[in-house]
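# Topology and contacts: notes
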Amino acid sequence: MKRDTQHLTDPCVMVIFGASGDLTSRKLIPALYNLVCNGFLPQAFAVVGFARTSKTDEVFRQEMHDAVQEFSHATPINDQAWGEFAQCLHYCVGDYGKEEDYEALHRTLLQIDEQHGTHGNRLYYLATPPDIYPIIVEQIGHSLLCKECPGQWSRIIVEKPFGHDLDSARELNAHMHQYFQEDQIYRIDHYLGKETVQNILVFRFSNGIFEPIWNRRYVDSVQVTVAESIGVENRGSYYDHAGVIRDMIQNHVLQLVALTGMEPPVEFTADAVRNEKVKVLKALHVDHAHGDGTVRGQYGPGKMGQQLAPGYTQEQGVPADSQTETYLAMKLFIDNWRWAGVPFYVRSGKRMPKRVSEIAIQFKMPPLLLFSDVAAQHIEPNTLALNIQPDEGISLKFGSKVPGSGEKIRPVIMDFKYGEAFNSPAPDAYERLLLDCLLGDSTLFTRSDEVETAWSLITPVLQAWEGGSGSFIELYRAGTWGPKQADDFIQQDGRRWRIF
Ligand code: BG6
């Protein structure tokens, strides 16, 4: 992964398909604006928003100004920086399936090349609903917008969800490969753009003391929690077709498992890192010792703090009889030399009491308990917690003698907090990922085989649920940590979920 990259970013036009949607205003434009303010984008850079809603460049610019004001962490807006950035924003109205609209787009891009000196380099961003991806890809292909003339490049970023099961992911990969080479395709998983997620590899592979104990000989179990306090907000109709398994587990959670479980790559290049992630994903299996190895839940009405919260089926866009899961716990094993027999418990849910994402490595108890029986009861296993968000940091729990004449032992925590150790705020995940794509660095993007391997694990679970042989949907109250069955699930192994 390259850094310190100001001088390496090529001139380019970024075309955002779906420019009137939420992602553009909440994430993409604020990220680009922040990159501009930090001097990461070249002078010769422009954005073309492409969508069905008709509007002028001026209206688009004003809307994006308001979006940056609301969603960028670099506010208040710097008028001069905004003024220059706004001049780079253009808008093109078009129908995603109409050839002539892509011809018009092509003409606009050529004009922009003249006006901004963008040299014919193109970055396409698919920010539309996923069912439109194949149409756009085909149109880009037919109008030769993806063609790379000598000295020019053309790349495409695809938002998740990438397919809804193994077959559809394969189909989409095959479709895209008709027009784009794999190294032109950047499948985004925004968790990989988070500083704390990238730090998993730095922590593991730039320190000498953790790797020797990072295996089945010393590790008892691993827990990955990605809990959200929000509900489905205004995305009910999308979410009802996805559920937490497609929305969070297949991508973000499995990526965290892969980074935690992978072997050291031979070098820090996109392919070397992704090769190791694929190996772990291939070695993963869902434990079937008890049922289908999953607990599914759906939030019912409850309370978030003092506020009443509606149940999932009362949310806008969700059918009253929906059987979609908003919570999932799974037990996974990695069948390889390093991890055989070590359970990876993963869980993710909406309307949990707190927003928290964490990877916790629980180590085995010491081989011999030397202290008195009373004290031994208070010895807890060492746990190393990688806190992804919101309290970014790393903590290690170990037993310590309570001062005094007795032999009392109490767990204490050694705590590293990003906020205290480093002064500068972490960039948003989209800033990092957009910059990497502009640099042609795909390390933090998922490769076609990686996405398909993740779907190979998830698809049989989906099929079991659909065929009626999987776990049932259990209700949990909004504002709680999921259904009671999830506690039983881990307790039957003599373990319990981490408490936050
Ligand atoms: C998205 C999911 O990928 O990730 C959302 O579609 C979820 O449902 C979001 O809320 C969580 O991202 P973060 O960065 O807030 O943890």
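Residues numbered from 1 in each chain as written. Predicted model: local features only at pLDDT ≥ 70, side-chain atom pairs only at ≥ 80, totals over all residues. Heavy atoms only, no water.

Looking at helix 3 (residues 79-86), one finds that the buried residues are Ala 81, Trp 82, Phe 85 and Ala 86. Angular distribution of buried residues about the axis of helix 3 spans 130 degrees; they occupy a single face of the element. Structural note: helix 3 exposes Asp 79 and Gln 80 on the side pointing more than 90 degrees away from its buried face. On the buried face of helix 3, the contacting elements are helix 1 (22-37), helix 2 (57-71) and strand 3 (89-93). The opening residue of helix 3, the one whose side-chain oxygen lies 2.9 Å from the backbone nitrogen of Gln 80, is Asn 78. (Buried < 20%, exposed > 50% of the residue type's maximum accessible area, 1.4 Å probe, protein only. Helix = DSSP H or I, 4+ residues; strand = E, 2+ residues; numbered from the N terminus. Arc of directions from axis to C-beta. Contact = heavy atoms within 4.5 Å. Polar contact = N/O pair within 3.5 Å; in protein donor to acceptor, adjacent residues only side chain to side chain.)

With that settled, the discussion passes to the site of the ligand. The ligand sits among 13 residues. The nearest are Tyr 191, Lys 194, Glu 228, Asp 247 and His 252. One nitrogen or oxygen atom from the side chain of Arg 235 is found 2.8 Å from an oxygen atom belonging to the ligand. In this structure, an oxygen atom belonging to the ligand sits 3.4 Å away from a side-chain N or O atom of Arg 355. Alone, the ligand offers 400 Å² of accessible surface; in the complex the protein occludes 82% of this. Ranked by residues supplied to the shell around the ligand, first place goes to helix 8 (residues 236-261) with three residues. Here the residues of the shell around the ligand are counted per class, giving three nonpolar, three polar and seven charged. (Near = heavy atom within 4 Å. Areas by Shrake-Rupley, 256 points an atom, 1.4 Å probe, with all protein chains shown as cover. Nonpolar A, V, L, I, M, F, W, Y, C, P; charged D, E, K, R; others polar.)

The tally for this structure, following the rule as stated, stands at 22 aromatic pairs. Where Trp 82 meets Phe 85, the ring centres are 5.5 Å apart and the plane angle is 75 degrees; that geometry is what we call edge-to-face. Pair noted here: Trp 82 and Phe 85 are both in helix 3, with a separation of three residues, about one helical turn. An aromatic cluster is defined as three or more aromatic residues linked by ring pairs; in this entry it consists of Phe 17, Phe 50, Tyr 96, Tyr 102 and Tyr 124. The ring of Trp 153 carries the charged tip of Arg 155 above its face, separated from the ring centre by 3.6 Å. Lys 194 extends its terminal NZ or CZ atom over the ring of Tyr 191, reaching a point 4.6 Å from the ring centre. (Phe/Tyr/Trp six-rings, centres within 6.5 Å; stacked < 30°, edge-to-face > 60°. Lys NZ or Arg CZ within 6 Å of the ring centre and 35° of its normal.)

Where burial is concerned, most of strand 14 (residues 356-363) is hidden: seven out of the eight residues are buried. Pairing analysis gives eight bridges linking strand 7 (residues 219-227) to strand 14, with the strands arranged antiparallel. Residue pairing across strands places Thr 225 opposite Glu 358, the latter belonging to strand 14. Bridge count for strand 14 against strand 15 (residues 383-389) is six bridges, and the pairing is antiparallel. Counterpart to Ser 357 in the pairing with strand 15 is Gln 389. (Pairing = 2+ DSSP bridges.)

Assignment of secondary structure puts Pro 301 in the loop between strand 9 (294-300) and strand 10 (302-304). Sequence separation between Pro 301 and Val 93 is 208 residues, and the spatial gap between their C-alpha atoms is 42 Å.

This next bit is on the sheet that holds strand 6 (residues 185-187). Read from one edge of the open sheet, six strands run 3-2-1-4-5-6, paired in parallel fashion. Looking at the sheet topology across the chains shown, the edges are occupied by strand 3 and strand 6. Across the sheet, the mean angle separating the axes of adjacent strands is 20 degrees when strand polarity is ignored. As defined by bridge partners, strand 5 (residues 154-158) adjoins strand 6 across three bridges and the pair is classed as parallel. In the strand pairing of strand 6, Ile 157 is matched with Tyr 186. Each of strand 5 and strand 6 is contacted by helix 6 (residues 166-179), which is oriented at about 150 degrees to strand 6, the strand it contacts most. On top of the sheet, helix 12 (residues 429-439) reaches strand 1 (12-17), strand 2 (45-51), strand 4 (122-126), strand 5 and strand 6; it is set at about 155 degrees to strand 5, its chief contact. (Axes fitted to C-alpha atoms, helices over the stretch in contact; angles between N-to-C directions.)

Of note, the amide linkage connecting Lys 160 to Pro 161 takes the cis form, showing an omega dihedral of 0 degrees. Mapped onto the fold, Pro 161 is located in the loop between strand 5 and helix 6. Following Gln 389, the chain continues to Pro 390 via a peptide bond in cis, the omega torsion being 0 degrees. Take Pro 390: it is sitting in the loop between strand 15 and strand 16 (393-401).

The subject of this paragraph is the pattern of salt bridges. Considering all chains together, one arrives at 26 salt bridges under this definition. Across the salt bridge formed by Asp 22 and Arg 26, the nearest N and O atoms sit 3.5 Å from each other. With a gap of four residues between them, Asp 22 and Arg 26 both fall in helix 1, about one helical turn apart. Between Glu 276 and Lys 279 there is a salt bridge; the shortest N-O distance is 3.2 Å. In this pair, Glu 276 and Lys 279 are both assigned in helix 9 (residues 270-283), three residues apart and thus about one turn of the helix distant. You can call Lys 279 exposed: its relative accessible area is 51%. The network of salt bridges with common partners includes Arg 204, Glu 211, Glu 263 and Arg 338. (Salt bridge = Lys/Arg side-chain N within 4 Å of Asp/Glu carboxyl O.)

This next bit is on the environment of Leu 32. Note on placement: Leu 32 falls in helix 1. It is 30 Å that separates the C-alpha atoms of Leu 32 and Ile 359, two residues lying 327 residues apart in sequence. Dropping the residues within four chain positions of it, Leu 32 is found in contact with Met 14, Leu 41, Phe 45, Val 47, Phe 85 and Leu 434.

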